[in-house]
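Read off the chains here:
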Amino acid sequence: MALRMWASSTANALKISCASKAHLSPAFSLSRCFSTVLDGLKYADSHEWVKHEGSVATIGITDHAQDHLGEVVFVELPEAGGSVSKGKGFGAVESVKATSDVNSPISGEVVEVNSKLTETPGLINSSPYEDGWMIKVKPSSPSELESLMGPKEYTKFCEEEDAAH
Amino acid sequence: MGVSGKPAELLEIEPVLRDQVPVIRRFTGGGTVVVDCGTIFVTFICNKEAVPDLQPYPRPIMSWSGLLYSKVFQGIGDFHLRENDYVFGNHKFGGNAQSITKSRWIHHTSFLWDFDVRNMTYLKLPKRAPAYRSARGHLDFICRMKDYMPRSIFIDKTVEAASTQFSLRSFESEEIETLSETEFHPSTRLLSAEELEADVIAGR
């Protein structure tokens, strides 16, 4: 019971800040969602995003994820040249006493890693979809992208997840 | 030390090496603690659905643990969860760390049962400290649990609080090892003297 009260008071506090976020850049109505979801990306249910451009896909964690994690203080990333598998962990972010796995939405070869995150892990908080990107991958099975969520679906997924807790 | 801890920033390396204090890097986040024969470790390893209505993120998990321990310390020493520490008043007696994966999470605490003042001199003042610490040195910041509660009472009450959330069975530690059939390679490891020295040089 106490957790519900805590959660709803936090949600109410976030709603106030969400209202101002709604005027900035999102593609979809944020009437009940508390974080930004961007058009043109695909989303995993573990809260990572993928941007597929030609032969390369860029991956990071969503605004919803960074908001729930808190201030990111350390990022663990794979080496370029390594491989990632759909649904499996490829790295981790550390925030507020916790290290949290980051999972790859797709399989493929890591072709580039965002080295700025070593010095400035906070980019994940301030710019989760742009400067806070984590890895770039050459997809080995492009059809995997089709099973990911689009922006509308992901927005609804976040709303349902937050409402259920 | 937590997963990303830099030894040279967190430890007084010279006395650590001189006194051959083992330094262990955990796989969980969080800070640095001195562990001695009195430390009490309490660890929760949970599947994502194990606690109803709990989102598997650091702050909800920390809050949940705070509620659980509130039952243990009811009426004792002005207990609360302060930022991410367990405190009596504004004195810390338990540090927390977590690791969260897709389908499960671990939350563990090392409770400062008692401590030797000399051991605190191995620790530097961390760069990243909670606001309520207010730049206090270790001895002004922490307190001894044994001054508040007998050890057996703490253990019994923690087990009792856990039983309000989960059904409980008791195992001896030797039994736990034989239960597991999977090959397990721990990532928690002992840091070598060479690694500790190298970190000092790298810092310079």
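Since the model is a prediction, treat every value here as computed from it, not as a measurement.

(A) The interface of chain B and chain A, seen in detail. On the chain A side, the residues contacting the 29 residues of chain B number 31 residues. For the pair chain B and chain A, the two sides together bury roughly 2,400 Å², of which 56% comes from carbon and sulfur. Our count for the chain B to chain A interface comes out at two salt bridges. Among the salt bridges present, the one from Arg128 of chain B reaches Glu71 of chain A, with a minimum N-O distance of 3.7 Å. Broken down by secondary-structure element, the contributors of at least two residues to the side of chain B that touches chain A are helix H3 (58–72) and strand S5 (91–100) of chain B. For the side of chain B that touches chain A, the leading source of residues is H3 of chain B, giving seven residues. Here the side of chain B that touches chain A is built from residues that sort into eleven nonpolar, twelve polar and six charged. Here strand S7 (residues 98–103) of chain A runs beside S5 of chain B; their pairing, made up of three bridges, is parallel. Counted as the bridge partner of Ala98 of chain A is Gln98 of chain B from S5 of chain B.

(B) Representation of the UniProt feature "domain: BPL/LPL catalytic" (unreviewed entry) in chain B. Residues annotated by UniProt as "domain: BPL/LPL catalytic" (unreviewed entry) correspond here to residues 1–170 of chain B. Along residues 1–170 of chain B, the helical share is 27% and the strand share 21%, with 29 Å between the first and last C-alpha atoms.

(C) Region of the structure containing the packing of aromatic side chains. Residue and element names in this part refer to chain B. Enumeration over the complete set of coordinates arrives at 23 aromatic pairs over all chains. On the basis of an interplanar angle of 85° and a centroid distance of 5.4 Å, the ring pair of Phe73 and Phe88 is categorised as edge-to-face. With Phe73 in the loop between H3 and strand S3 (79–82) and Phe88 in strand S4 (residues 85–88), this residue pair connects regions lying 15 residues apart in the sequence. Since its relative accessible area comes to 2%, Phe73 is described here as buried. The exposure class of Phe88 is buried, given its relative accessible area of 3%. Centre to centre, the rings of Phe73 and Phe93 are 5.2 Å apart; their planes meet at 80°, and the pair counts as edge-to-face. You can see Phe73 sitting in the loop between H3 and S3 and its partner Phe93 sitting in strand S5, a full 20 residues away along the chain. Across this residue pair, the class does not change: Phe73 and Phe93 are buried. Each member of the aromatic cluster is reached from another via a ring pair, and the members are Tyr69, Phe73, Phe79, Tyr86, Phe88, Phe93, Phe111, Tyr148 and Phe154.

(D) The environment of Pro121 of chain A, seen in detail. All names here are of chain A. Locating Pro121 in the fold gives a position in the loop between helix H3 (116–119) and helix H4 (123–126). For the pair Pro121 and Pro78, spaced 43 residues apart in the sequence, the C-alpha separation amounts to 15 Å. Pro121 has contacts with Val72, Val73, Phe74 and Val75, leaving out every residue within four places of it along the chain.

Cut-offs and rules
- Residues numbered from 1 in each chain as written.
- Chains lettered and ligands numbered in written order.
- Predicted model: local features only at pLDDT ≥ 70, side-chain atom pairs only at ≥ 80, totals over all residues.
- Heavy atoms only, no water.
- Contact = heavy atoms within 4.5 Å.
- Buried area = accessible area lost by both parts, 1.4 Å probe.
- Salt bridge = Lys/Arg side-chain N within 4 Å of Asp/Glu carboxyl O.
- Helix = DSSP H or I, 4+ residues; strand = E, 2+ residues; numbered from the N terminus.
- Nonpolar A, V, L, I, M, F, W, Y, C, P; charged D, E, K, R; others polar.
- Pairing = 2+ DSSP bridges.
- UniProt positions renumbered as here; feature names shortened; annotations may be inferred.
- Phe/Tyr/Trp six-rings, centres within 6.5 Å; stacked < 30°, edge-to-face > 60°.
- Buried < 20%, exposed > 50% of the residue type's maximum accessible area, 1.4 Å probe, protein only.

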